[in-house]
Number of protein chains: 2
Amino acid sequence: MPVGFSPEEMQRIDAVVEKRRRVRQGEALYNNGDDFTALYAIRSGFFKTCVTSNDGREQVTGFQMAGEVIGMDGIVNDNHNCSAVALEDAEVCVMPFTMIEEMSRDLPALQRHVHKIMSREIVRENGVMLLLGNMRAEERLAAFLLNLVQRLHARGLSQSELVLRMSRDEIGSYLGLKLETVSRSFSKFSEEGIIEVRQRYVKILAPDALKKIFNPQTYV
Amino acid sequence: MPVGFSPEEMQRIDAVVEKRRRVRQGEALYNNGDDFTALYAIRSGFFKTCVTSNDGREQVTGFQMAGEVIGMDGIVNDNHNCSAVALEDAEVCVMPFTMIEEMSRDLPALQRHVHKIMSREIVRENGVMLLLGNMRAEERLAAFLLNLVQRLHARGLSQSELVLRMSRDEIGSYLGLKLETVSRSFSKFSEEGIIEVRQRYVKILAPDALKKIFNPQTYV
DNA sequence: TCTCGTCTTTGATTCAGGTCAAAAGATTAT
DNA sequence: ATAATCTTTTGACCTGAATCAAAGACGAGA
């Protein structure tokens, strides 16, 4: 969240952010097609967002954790273009978008913050496109693990251990791979001593080896 | 561009939009890493945007034409995260971002417009992720052609004929395919009488057949 | 007009990842 | 505790797209 506001301004911001909503594991915060009314700041829990082609194929477009904001996909057409599903019990701040717009007219720092959040999402998706368009299975998984552990570390968690909140199938959907390929890649990393895997628990034993897989040239 | 402004407001908007820049074919409007200062509204010409992994693999993230706005990738980090290269001689409006922010504080309709543009880009990229993660070569090419021709048609051009501004290699990069695969898919469509291709000239003979390839289920 | 360089097509072959199948672990419900 | 269900792993095999290679086609410049 942005910084550098006066106490009075913070109070206004708090008012926007006061409404909470709990979402149980497996439930949708919003679904594709739902009316767009608000952005959501994740307070706790873990989400996936996904789009579905009209013949039913699902693509996970991202995994989001505490501190991240979701829902921007709804702004263009006043209804959501993807679904956001909780992968564990979660709580979000409901931030009505009209209030956000109103307030960011008065508070340039908030305005800039909103723009940055959306731009960050564009940049993130650029990165995923690069991954999906150019990388091989093991590179994708390495990139995924490194990204996840880095974000968790930024939240005070371990930079080497994590518990995946999503299934192999969901990881595969995000990475453009089948679940068997994800599983095989995990096993391969494990055999090579790069990681330790037990179901959804993952320990990164050799982060440099992962980085090397993710980006071979840098280390040659 | 947004509508519904008073003459006075239009004048202010015109002031933002008055600065022009010409970009010759093959030149970059901005490069990855460049300082971010402005968004660009394309007045004429055709661009590609692309990101590059640090080992040099390039991913085309989009093709942009007149009326579209590019540069939003630069907002988060105050420098551009991708490059925008003109595929034909082009002219853009340079819209300094500080001016956009300033004005959109006064003009809610402009503010909303800026938000929609960014949201539209997020949604577009969601669609590309679905394409890259789930579709086979011919589906990707069909989706690409249909999208392109639809956008051209919205600009008053034919809905069945088009001249590609980009090479097979660039199409391949965008679609996550090698250029040979793009070429083969073109040939296949051509053999099947779905399109007529002569180099970069493409005529869509059977749009429904293309739509069927793009989205099989709908027609079953 | 001819040549050079670039882009495109096509063919032959290879291979990464998909598909199908089955077993082994987890997790939940009874 | 046990059964039932879901998830994950692993194996065998297949296939769509990549790779390698060569020949055409086109456009720019001499």
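Everything numeric here is computed off the predicted structure, so don't read it as measured data.

### Regarding the domain arrangement of chain A
All names here are of chain A. Per the domain assignment, the segments making up chain A are domain 1 (7-106) and domain 2 (135-218). On a C-alpha basis, the centroid separation for the pair domain 1 and domain 2 is 26 Å. In total, about 1100 Å² of surface goes out of reach between domain 1 and domain 2, with carbon and sulfur atoms giving 57% of it. Among the salt bridges present, the one from R165 reaches E88, with a minimum N-O distance of 3.1 Å. When contributions to the side of domain 1 that touches domain 2 are tallied by element, the ones reaching two or more residues are β3 (38-52), β4 (58-65) and β6 (83-96).

### Overview of the protein's contact with DNA strand D
The local shell around DNA strand D holds 18 residues, among which R168, S183 and S187 of chain A together with A137 and T181 of chain B are the closest. Expressed as a percentage, the sugar and phosphate content of the atoms of DNA strand D within 4 Å of the protein is 72%. A distance of 3.2 Å separates a phosphate oxygen of DNA strand D from a polar side-chain atom of R200 of chain A. At a separation of 2.9 Å, a base oxygen of DNA strand D approaches a polar side-chain atom of R184 of chain B. Per element, the largest residue contribution to the surface near DNA strand D is five residues, and it comes from helix α6 (residues 179-191) of chain A. Residues that form the surface near DNA strand D fall into these classes: three nonpolar, seven polar and eight charged.

### Some thoughts on the environment of T61 of chain B
Examined against the element boundaries, T61 of chain B turns out to sit in strand β4 (residues 58-65). C-alpha of T61 of chain B to C-alpha of K48 of chain B: the two residues are 13 residues apart in sequence and 7.5 Å apart in space. Not counting chain neighbours up to four residues away, the residues in contact with T61 of chain B comprise N126 and M129 of chain A together with T49, C50, V51, R124 and Y174 of chain B.

### A few points about the side chain of Q111 of chain A
Within the secondary structure, Q111 of chain A is located in helix α3 (residues 108-134). Looking at Q111 of chain A, its side chain comes within polar contact range of the side chain of R105 of chain B, at 2.9 Å. For Q111 of chain A, the contacting residues outside a window of four places in its chain are S104 of chain A together with E101, S104 and R105 of chain B.

### Describing the sheet that holds strand β7 (residues 161-163) of chain A
Residue and element names in this part refer to chain A. The three strands lie next to each other as β7-β9-β8, forming an open sheet whose pairing is antiparallel. The open sheet terminates on both sides in strands that have one partner only, identified here as β7 and β8 (195-198). Adjacent strand axes in the sheet meet at a mean angle of 15° when their direction is disregarded. Bridge count between β8 and strand β9 (residues 201-204): four bridges; the pairing is antiparallel. Its bridge partner being in β9, R198 is matched across the sheet by Y201.

### Quick word on the protein's contact with DNA strand C
The full set close to DNA strand C counts 17 residues, and A137 and T181 of chain A together with R168, S183 and S187 of chain B are the nearest of them. In DNA strand C, atoms within 4 Å of the protein come 68% from sugar and phosphate. In this structure, R168 of chain B approaches DNA strand C through a side-chain N or O atom, which is 2.7 Å from a phosphate oxygen. Taken together, the elements giving at least two residues each to the surface near DNA strand C come down to α6 of chain A together with α6 (179-191) of chain B. The dominant element in the surface near DNA strand C, judged by the number of residues it contributes, is α6 of chain B, at five residues. Here the residues of the surface near DNA strand C sort into three nonpolar, six polar and eight charged.

### Details of the layout of surface pockets
Volume-wise, the second largest pocket comes out at about 1300 Å³. Lining the second largest pocket are 48 residues; nearest its centre among them are R120, V123, R124, N147 and R151 of chain B. Within the residue set of the lining of the second largest pocket, elements represented by two or more residues are β3 and α3 of chain A together with β4, β5 (69-70), α3 (108-134), α4 (137-154) and α5 (168-175) of chain B. If one sorts the elements of the lining of the second largest pocket by residue count, α3 of chain B sits on top with 12 residues.

How each quantity is defined
- Residues numbered from 1 in each chain as written.
- Chains lettered and ligands numbered in written order.
- Predicted model: local features only at pLDDT ≥ 70, side-chain atom pairs only at ≥ 80, totals over all residues.
- Heavy atoms only, no water.
- Domains from an automatic or database assignment.
- Buried area = accessible area lost by both parts, 1.4 Å probe.
- Salt bridge = Lys/Arg side-chain N within 4 Å of Asp/Glu carboxyl O.
- Helix = DSSP H or I, 4+ residues; strand = E, 2+ residues; numbered from the N terminus.
- Near = heavy atom within 4 Å.
- Polar contact = N/O pair within 3.5 Å; in protein donor to acceptor, adjacent residues only side chain to side chain.
- Nonpolar A, V, L, I, M, F, W, Y, C, P; charged D, E, K, R; others polar.
- Contact = heavy atoms within 4.5 Å.
- Pairing = 2+ DSSP bridges.
- Axes fitted to C-alpha atoms, helices over the stretch in contact; angles between N-to-C directions.
- 1 Å grid on protein atoms, 1.4 Å probe; cavity = no way out; pocket = protein on both sides within 12 Å on 5 of 7 lines; lining within 4 Å.
- Points joined across faces, edges and corners; volume = space filled by probe spheres on them.

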